[in-house]
Amino acid sequence: YSIEKFSPELKGRLQFIHIDYLPAEEEKQWLLWRRLSYNPERRPSEEEIALIDNLVEAAWQIRKLYYGIVEKENGEIEYLEKGSLISIPLSTASLEKIIEHIAYFEEDIERIGDLIKRFYNYLEEDEDVIENIEAILEPRGLLKSDKSFFKFTELTIEKDEKDKYLIYRYNWRNKNKEIKIK
């Protein structure tokens, strides 16, 4: 037997780097730090901190389904093929986008379900997969939705006194807006 040293080039080709998600507690700390960096003038509310906890816990449950880890009722763990239950996990980047939005629009916690669907589009999955994901999100209050958010409550169109502009007045998110178009 002879042992030869591998050249650095060969070692580089034989190395495998495994990149995975942060552990849940570190991911919570990371998202809280990101929340503080997005809007440092406003301290995170207790509701935002609880939201981060719930999002990370739900993300980890969804990731387990993605990796094919299923816990049976008797406590046994069954391992299925990766991606066979869910094709896309809920990533840290998606969670960051949700937290960034909440940092600037705290009132949108009331429609967190819409934000999750915006940044994690699981609605393209099969019906049973959607049910599994929503079964994870629902107990944590992460499916809250405000359908009135997307509707204009009032829209009027007028011409100004010189007929130069069309004026669109509307009420959206309880704020009166006005647009003038030539």
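Residues numbered from 1 in each chain as written. Predicted model: local features only at pLDDT ≥ 70, side-chain atom pairs only at ≥ 80, totals over all residues. Heavy atoms only, no water.

Next up on the list: the overall build of the protein chain. Scanning the protein chain from N- to C-terminus turns up six helices and five strands. When the elements of the protein chain are put in sequence order from the N terminus, they spell out α-α-α-β-β-α-α-α-β-β-β. Per-residue burial over the protein chain gives 31% buried out of 182 residues. In the protein chain, 52% of the contacts between residues at least 6 apart in sequence involve partners at least 24 apart. (Helix = DSSP H or I, 4+ residues; strand = E, 2+ residues; numbered from the N terminus. Buried < 20%, exposed > 50% of the residue type's maximum accessible area, 1.4 Å probe, protein only. Contact = heavy atoms within 4.5 Å.)

Moving on, we get to the nonpolar core. Counting residues in hydrophobic clusters, the biggest one holds 28 residues, and the most contacted among them are Ile116 and Leu137. Among the elements that line this core, the one with the most residues is helix 3 (residues 46–66), at eight residues. When sequence neighbours within four positions are dropped, the list of residues in contact with Ile116 reads Leu55, Ile98, Tyr122, Leu137 and Leu142. (Core = buried A, V, L, I, M, F, W, Y, C linked by side-chain atoms within 4.5 Å.)

So, about the confidence of the model for the protein chain. Across the protein chain, the average pLDDT comes to 82, with 77% of residues at or above 70. Taken together, the stretch residues 149–153 has pLDDT below 50 and engages in 11 contacts with residues farther than four places along the chain or on a different chain. (pLDDT = per-residue confidence, 0-100.)

This paragraph deals with the packing of helix 4 (residues 92–104) against helix 5 (residues 112–119). Running from N to C, helix 4 and helix 5 point in directions that differ by 135°, and their axes come no closer than 9 Å. On the basis of their axis angle, the class for helix 4 and helix 5 is oblique. Handedness of the crossing formed by helix 4 with helix 5: right-handed. Contacts between helix 4 and helix 5 involve Ser94, Lys97, Ile98, His101 and Ile102 on the former and, on the latter, Ile112, Leu115, Ile116, Arg118 and Phe119. A breakdown of the residues in the contact of helix 4 with helix 5 according to their chemical character gives six nonpolar, two polar and two charged. (Axes fitted to C-alpha atoms, helices over the stretch in contact; angles between N-to-C directions. Parallel < 35°, antiparallel > 145°, perpendicular 65-115°, else oblique. Left-handed = near helix turned anticlockwise from the far one by under 90°. Nonpolar A, V, L, I, M, F, W, Y, C, P; charged D, E, K, R; others polar.)

Interaxial distance between helix 3 and helix 6 (residues 127–137) falls to 9 Å at its minimum, and their mutual angle equals 150°. On the basis of their axis angle, the class for helix 3 and helix 6 is roughly antiparallel. The handedness of the crossing between helix 3 and helix 6 is right-handed. Contacts between helix 3 and helix 6 involve Ala58, Gln61, Ile62 and Leu65 from the former and Asn132, Ile133, Ile136 and Leu137 from the latter. When its residues are assigned to classes, the contact of helix 3 with helix 6 shows six nonpolar, two polar and no charged.

Attention shifts here to the packing of aromatic side chains. Per the stated rule, a full pass over the model turns up four aromatic pairs. Sitting above the plane of the Tyr21 ring, Arg63 keeps its charged end 3.8 Å from the centroid. Above the ring of Trp60, the side-chain terminus of Arg63 is found at 5.3 Å from the ring centroid. (Phe/Tyr/Trp six-rings, centres within 6.5 Å; stacked < 30°, edge-to-face > 60°. Lys NZ or Arg CZ within 6 Å of the ring centre and 35° of its normal.)

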